[in-house]
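# A structural walkthrough
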Amino acid sequence: MAGGNSEEGKGMLLRNGDDKVRHPSPQRGTPDSSSTQGHQFIDQIVTINVSGMRFQTFESTLARYPHSLLGDPTKRQHYFVPDTNEYFFDRHRTTFESILYIYQSGGRVKRPEIVPIDIFLREMRFYEMGDELLEEFWIAEGYEKPKEVMMPTNKTQRKIWELMEYPDSSLSARIIAFISIFVIALSIISFCWETVPSDNDDKVINMTTGELIDELDEKHYSPFFWIELMCILWFTIELILRFISCPCKVTFVTSILNIIDFVAIAPFFVNFFLADTNKSNSSMSFAVLRVLRLVRVFRVFKLSRHSVGLQILGKTFRSSVQEFCLLIFFMAIALVLFASGMYFAEQGEPNSKFTSIPASFWFVLVTMTTVGYGDLVPLSPFGKVVGSMCALIGVLTLALPVPIIVANFKHFYRQENRLASMKSTTKGDHEDDDVA
């Protein structure tokens with residue numbers, strides 16, 4: 001009887017109503033009868049019933065992961081049914097086939113297509129497969145494990161860092177994140193509304209002395225100045241607190257988001273001091289101030305700190321640099337070819353606006369990108385033929401790298417969804433443990 005059992009393959013499946021046991025051919029990882037004849041022990045067969053579907057495997061197969069629920073005889077003893085001499089689990093049947101395959105293959109995690117990720121994760125956690133196998137699962141699903149996050153060692157710094165950097169850490173952090181988003185939106189609206197022309201753009205009356213002051217001094221009395229001042233104070237305090245509490249100053253200074261935060265507040269202080277110190281050269285100072293005000297538009301990128309969508313878009317652009325370079329290369333070649341063709345095709349037309357090859361670049365660019373402003377149009381029949389070919393080639397040129405960029409976007413989008421699913425599943429498991 002023992003010899004017959006040793007010849008049976010691992011992972012034998014018994015269904016309800018079957019009177020006979022099928023003996024499949026040995027698979028990879030299944031001990032052969034010739035290799036087990038010299039063993040002094042008998043490898044027992046364990047029967048596992050999962051919601052009415054019976055599985056059979058060797059004790060040594062389950063022992064490959066001794067800390068799991070099935071691998072530890074003490075843990076699984078709670079589910080043993082003496083009457084049927086089997087272990088009964090009222091769990092998801094389809095998922096258990098993959099769970100058993102993990103034991104048989106030595107750690108290869110493969111989720112069935114018909115099983116949702118959250119169900120598969122709950123089953124893996126129920127059978128206590130361990131963090132290493134969970135990590136293997138996420139890698140198999142295409143999710144890259146994020147780098148280990150550094151946290152400050154000081155308790156006060158850690159609390160401030162979590163408050164300013166991680167909105168999901170507490171209610172106070174969510175409130176601060178909401179205030180930050182509101183201040184960013186207010187600053188952007190103020191920046192845009194400030195450019196709307198008014199009746200007194202050049203001169204404004206000083207309400208204290210009754211004298212006229214120029215535009216450089218107007219900012220001290222405009223409501224936009226006070227809105228900007230309040231926003232800058234919030235951004236400055238936020239940046240200083242994050243810098244003081246950050247775990248690594250070098251990493252903080254070299255971060256792109258932190259550089260954007262600094263660029264967003266620096267023009268205000270430069271603008272403020274230049275307006276007071278360079279009044280002697282007002283024209284030069286006014287030109288510099290206009291450039292500095294333009295830099296304030298980068299403040300819109302501060303929203304990327306609180307927007308997952310903008311972060312996905314940034315990752316997509318960063319991973320699609322080669323595709324963008326390829327697109328620019330194709331566009332440059334087509335730009336030169338069709339601009340030259342359009343120039344020589346329109347040379348005989350008296351009212352033609354294609355006076356040179358560089359002047360034809362604009363027409364080729366807006367035609368290839370399917371914009372077509374209509375400010376430059378070909379007049380000769382040959383020019384129209386060249387313009388038609390330019391439009392067709394432009395569509396093909398733009399269509400070549402776009403699927404790759406879209407695939408990169410879908411990849412990062414799926415990663416974020418899986419990360420959110422993993423966090424929600426982990427949170428749900430912790431809540432279930434607390435209830436139990």
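Residues numbered from 1 in each chain as written. Predicted model: local features only at pLDDT ≥ 70, side-chain atom pairs only at ≥ 80, totals over all residues. Heavy atoms only, no water.

## Topic: the packing of helix H17 (residues 357-368) against helix H18 (residues 381-399)
- Here H17 crosses H18 at 55 degrees, and the two axes come no closer than 8 Å. In terms of their interaxial angle, H17 and H18 are classed as oblique. Judged by the sense of rotation from one axis to the other, the crossing of H17 with H18 is right-handed. Contacts from Phe363, Val364, Thr367 and Met368 in H17 reach Gly387, Cys390, Ala391, Gly394, Val395, Thr397 and Leu398 in H18.
- Classifying every residue of the contact of H17 with H18 by side-chain character gives 7 nonpolar, 4 polar and no charged. (Axes fitted to C-alpha atoms, helices over the stretch in contact; angles between N-to-C directions. Helix = DSSP H or I, 4+ residues; strand = E, 2+ residues; numbered from the N terminus. Parallel < 35°, antiparallel > 145°, perpendicular 65-115°, else oblique. Left-handed = near helix turned anticlockwise from the far one by under 90°. Contact = heavy atoms within 4.5 Å. Nonpolar A, V, L, I, M, F, W, Y, C, P; charged D, E, K, R; others polar.)

## Remarks on the pattern of salt bridges
- Evaluated as defined, the whole model comprises 7 salt bridges.
- A salt bridge links Arg242 to Asp261, with the nearest nitrogen and oxygen atoms 3.4 Å apart. One end of the pair, Arg242, is in helix H11 (residues 223-245); the other, Asp261, is in helix H13 (residues 256-277), and 19 residues separate them in sequence.
- Note on Arg242: relative accessible area 2%, which makes it buried. (Salt bridge = Lys/Arg side-chain N within 4 Å of Asp/Glu carboxyl O. Buried < 20%, exposed > 50% of the residue type's maximum accessible area, 1.4 Å probe, protein only.)

## Topic: H18
- Taking 1.5 Å of rise per residue, the 19 residues of H18 would be expected to cover 27 Å, and the 28 Å separating its terminal C-alpha atoms lies within 8% of that figure.
- Every buried residue of H18 is listed here: Gly383, Val386, Gly387, Cys390, Gly394 and Thr397. Buried residues of H18 fall within an arc of 100 degrees about the axis and therefore sit on the same side. Exposed and oriented more than 90 degrees from the buried face of H18 are Pro381, Leu392 and Leu396.
- Next to the buried residues of H18 lie helix H16 (321-345) and H17. (Expected span 1.5 Å × (residues − 1). Arc of directions from axis to C-beta.)

## A closer look at the pairing of strand S3 (residues 53-58)
- Among the 6 residues of S3, 5 are classified as buried, and the element is accordingly described as predominantly covered.
- Here strand S2 (residues 45-50) folds back onto S3, and the loop between the two strands holds 2 residues, one of which, Ser51, carries a positive phi near 55 degrees. (Pairing = 2+ DSSP bridges.)

## Let's talk about helix H9 (residues 171-193)
- In this model, H9 (23 residues) spans 33 Å end to end at C-alpha, consistent with the 33 Å of a helix rising 1.5 Å per residue.
- Of all the positions in H9, only Ala173, Ile176, Ala177, Ser180, Val183, Ile184, Ser187, Ser190 and Phe191 are classed as buried.
- The N-cap residue of H9 is Ser170: its side-chain oxygen and the backbone nitrogen of Ala173 are 3.3 Å apart. (Polar contact = N/O pair within 3.5 Å; in protein donor to acceptor, adjacent residues only side chain to side chain.)

## What about the side chain of Asn408?
- You can see Asn408 is positioned in helix H19 (residues 402-435).
- Setting aside anything within four residues of it in sequence, one finds Asn408 in contact with Thr316, Ser319, Ser320 and Glu323.

## Quick word on the nonpolar core
- Counting 28 residues, the largest nonpolar core has Phe96, Met124 and Tyr127 as the members making the most contacts within it.
- If you list the elements that add at least two residues to this core, you get S2, S3, strand S5 (86-89), helix H5 (93-105), helix H6 (117-126) and helix H7 (131-140).
- The residues contacting Met124, other than those within four sequence positions of it, are Ile99, Ile102, Val109, Met129, Leu133, Leu134 and Phe137.
- Judged by nonpolar contacts, the second largest core, of 14 residues, contains Met331, Ala339, Phe363 and Leu376. (Core = buried A, V, L, I, M, F, W, Y, C linked by side-chain atoms within 4.5 Å.)

## Regarding unusual backbone geometry
- Despite not being glycine, Ser51 shows a phi value in the positive range, around 55 degrees.
- Even without being glycine, Asn85 reaches a positive phi, approximately 55 degrees.
- Checked against the element boundaries, Asn85 lands in the loop between strand S4 (80-81) and S5.
- Under the relative-accessibility criterion, Asn85 is labelled exposed at 55%.

## A closer look at the pairing of S2
- Among the 6 residues that make up S2, 5 are buried, leaving the element largely enclosed by the rest of the structure.
- Bridge analysis of S2 against S3 gives 6 bridges, and the strand direction is antiparallel. Looking at the pairing, Val46 lines up with Thr57 of S3.
- As judged from the 3 bridges shared by S2 and S5, these two strands associate in the parallel manner. Bridged to Ile48 within S5 is Tyr87.

## Some remarks on the UniProt feature "transmembrane region" (unreviewed entry) in the chain
- UniProt annotation of "transmembrane region" (unreviewed entry) refers to residues 171-191, 224-244, 256-275, 326-345, 357-374 and 386-409 when read in the numbering used here.
- With 100% helix and 0% strand, the stretch residues 171-191 has end C-alpha atoms that lie 30 Å from each other.
- Secondary structure across residues 224-244 comprises 100% helix and 0% strand; the distance between its end C-alpha atoms is 30 Å. (UniProt positions renumbered as here; feature names shortened; annotations may be inferred.)

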